[in-house]
Amino acid sequence: MKPTYRGRFAPSPTGPLHFGSLVAAVGSYADALAHGGDWLVRMEDVDEGRKAAGAADAILRTLERHGFQWRGEVLFQSRRKARYQEVLEILLRQGHAYPCGCTRKEVQQTGLQGPEGPIYPGTCRNGLPAGRRARAFRLRVPELEICFHDRIQGRFCQQLQAEVGDFVIRRADGFFAYQLAVVVDDFDQGITDVVRGADLLGSTPRQRYLQKLLGAPFLRYAHLPLVLDAGGRKLSKRDRAHPVDDDDPVSGLLAAWRFLGQPEPPEHPARPLEFWSWAASHWKLSKNHEPCP
Ligand code: GLU
């Protein structure tokens, strides 16, 4: 029987976990435990240029020290290129994807700026201009508003073409884009629930559109509040800011738990596993929004 809840934590191994990623891990694991579901870990190392040596091992060690227990083997995106290529070929055959010869600079120079970055003006949409070779591959997006209900953020809508444009699914450096890899992996791993940071809320309509094209089931989403640094920026693993202390896991877990607005345990847990057995029955997401029709 298929589980009714299957969640995942999907860090990019660009450095050791920081407090912001611990918050995402705590939110997704607590939600899976509270639903009696499965929870998986996936290393999102699809962008091999950003990988930091030893970071994947350090992240897994930190998760273990904090009492996280994942199901099965950790999936590494860097080992899934053949699968992503197969999906790219299907999308090309069906006319949903096309080769693009534009450089990043050319796209930026058109000056079309959306909430998610430069908007592709569609130069190669109907074929590569003469003398141009394929650099990247893009997904053709329709003039369509995509809306979904987020369990925390409420209803979120995006005009895919006007706000984002045809987006890259295989990059000019040959690596597959996160947007494609995440959808293929969530599908292949049978994920039902995504709990992650709110910085990815604006990526979700692209992912839902890809899910639709691939015939993948739609997922439930909960986008957690982001931890920001003193300058109001999202923490980055590459900056090594706010690292998590593997020698004091209970304090880190409690800090993440409080950050997520969860109730204080009556007694200070002595060990991570004690924290988790209490957390499993006290986790609550705020749901003060109307669901999507
Ligand atoms: N790999 C992404 C990150 O580390 C998370 C992607 C996801 O959860 O969909 O920010």
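A. Inspection of the nonpolar core at higher detail. Val26, Leu63, Phe68, Trp257 and Trp276 are the most contacted members of the largest nonpolar core, which totals 41 residues. At the level of secondary structure, the elements contributing two or more residues to this core comprise helix 1 (19-34), strand 2 (38-43), helix 2 (55-65), strand 12 (220-224), helix 8 (249-259) and helix 9 (272-280). Here this core takes 9 residues from helix 1, the largest share from any one element. Apart from residues lying up to four places away in sequence, Leu63 is in contact with Phe9, Leu17, Ala25, Val41, Phe68 and Trp70. Counting 23 residues, the second-largest nonpolar core is a separate cluster that includes Tyr84, Leu88, Leu160 and Phe167.

B. Structural view of the sheet that holds strand 1 (residues 6-9). Strand order across the open sheet formed by 3 strands is 1-2-3, with parallel pairing between neighbours. Looking at the sheet topology across the chains shown, the edges are occupied by strand 1 and strand 3 (75-76). Two elements, strand 1 and strand 2, share 4 bridges in a ladder whose sense is parallel. Across the sheet, Gly7 pairs through a bridge with Trp39, a residue of strand 2.

C. Local environment of the site of the ligand. Taken together, Arg8, Ala10, Pro11, Ser12, Glu44, Tyr178, Val182, Arg196, Leu200 and Lys237 make up the full set of residues adjacent to the ligand. For the ligand, a nitrogen atom lies 2.9 Å from a polar atom in the side chain of Ser12. Between Tyr178 and the ligand, the recorded distance is 2.9 Å, taken from a side-chain N or O atom to an oxygen atom. Contact with the protein chains covers 82% of the free accessible surface of the ligand, which is 300 Å².

D. Focus on helix 7 (residues 204-214). For helix 7, the tally of buried residues reaches 10 of 11 residues, placing the bulk of the element in the interior. Among the residues of helix 7, those classed as buried are Thr204, Pro205, Arg206, Gln207, Arg208, Tyr209, Leu210, Gln211, Leu213 and Leu214. Directly beyond the C-terminal end of helix 7, a positive phi value near 70° is found at Gly215.

E. Region of the structure containing the pattern of salt bridges. The full count for this structure, using the stated rule, is 25 salt bridges. The residue Arg171 makes a salt bridge to Asp47 at a minimum N-O spacing of 3.2 Å. Here Asp47 lies in the loop between strand 2 and helix 2 and Arg171 lies in the loop between strand 10 (167-170) and helix 6 (178-188), a separation of 124 residues in the sequence. With relative accessibility at 26%, the residue Arg171 sits in the partly exposed group. Here Arg271 makes a salt bridge to Glu274, at a shortest N to O gap of 3.5 Å. With a relative accessible area of 53%, Arg271 lands in the exposed category. Where salt bridges share partners, they join Arg8, Arg42, Glu44, Arg80, Arg83, Glu86, Asp185, Asp186 and Asp188 into one cluster.

F. Quick look at helix 1. For helix 1, with 16 residues, the first-to-last C-alpha span of 22 Å sits near the 22 Å given by 1.5 Å per residue. With respect to burial, helix 1 is a largely interior element, 14 of its 16 residues being buried. Downstream of helix 1 by one or two residues, Gly36 has phi in the positive range, about 60°.

G. Looking closely at the state of the cysteines. As enumerated under the stated definition, the model contains 1 disulfide in all. Between Cys147 and Cys157 runs a disulfide, and the two sulfur atoms are separated by 2.1 Å. The disulfide joining Cys147 to Cys157 has a torsion of about 110° about its S-S bond and is therefore right-handed. Here Cys147, found in strand 8 (residues 145-150), pairs with Cys157, found in strand 9 (residues 154-159); they are 10 residues apart in sequence, far enough to count as distant. Residue class for Cys147 comes out partly exposed when judged on its relative accessible area of 22%. With a relative accessible area of 27%, Cys157 lands in the partly exposed category. This cysteine, Cys100, is not joined by any disulfide, and Cys102 carries the nearest cysteine sulfur, 4.0 Å off. In this structure Cys102 is a free cysteine whose sulfur lies 3.7 Å from that of Cys124, the closest cysteine sulfur available.

Criteria and thresholds
- Residues numbered from 1 in each chain as written.
- Predicted model: local features only at pLDDT ≥ 70, side-chain atom pairs only at ≥ 80, totals over all residues.
- Heavy atoms only, no water.
- Core = buried A, V, L, I, M, F, W, Y, C linked by side-chain atoms within 4.5 Å.
- Buried < 20%, exposed > 50% of the residue type's maximum accessible area, 1.4 Å probe, protein only.
- Helix = DSSP H or I, 4+ residues; strand = E, 2+ residues; numbered from the N terminus.
- Contact = heavy atoms within 4.5 Å.
- Pairing = 2+ DSSP bridges.
- Near = heavy atom within 4 Å.
- Polar contact = N/O pair within 3.5 Å; in protein donor to acceptor, adjacent residues only side chain to side chain.
- Areas by Shrake-Rupley, 256 points an atom, 1.4 Å probe, with all protein chains shown as cover.
- Salt bridge = Lys/Arg side-chain N within 4 Å of Asp/Glu carboxyl O.
- Expected span 1.5 Å × (residues − 1).
- Disulfide = S-S within 2.5 Å.

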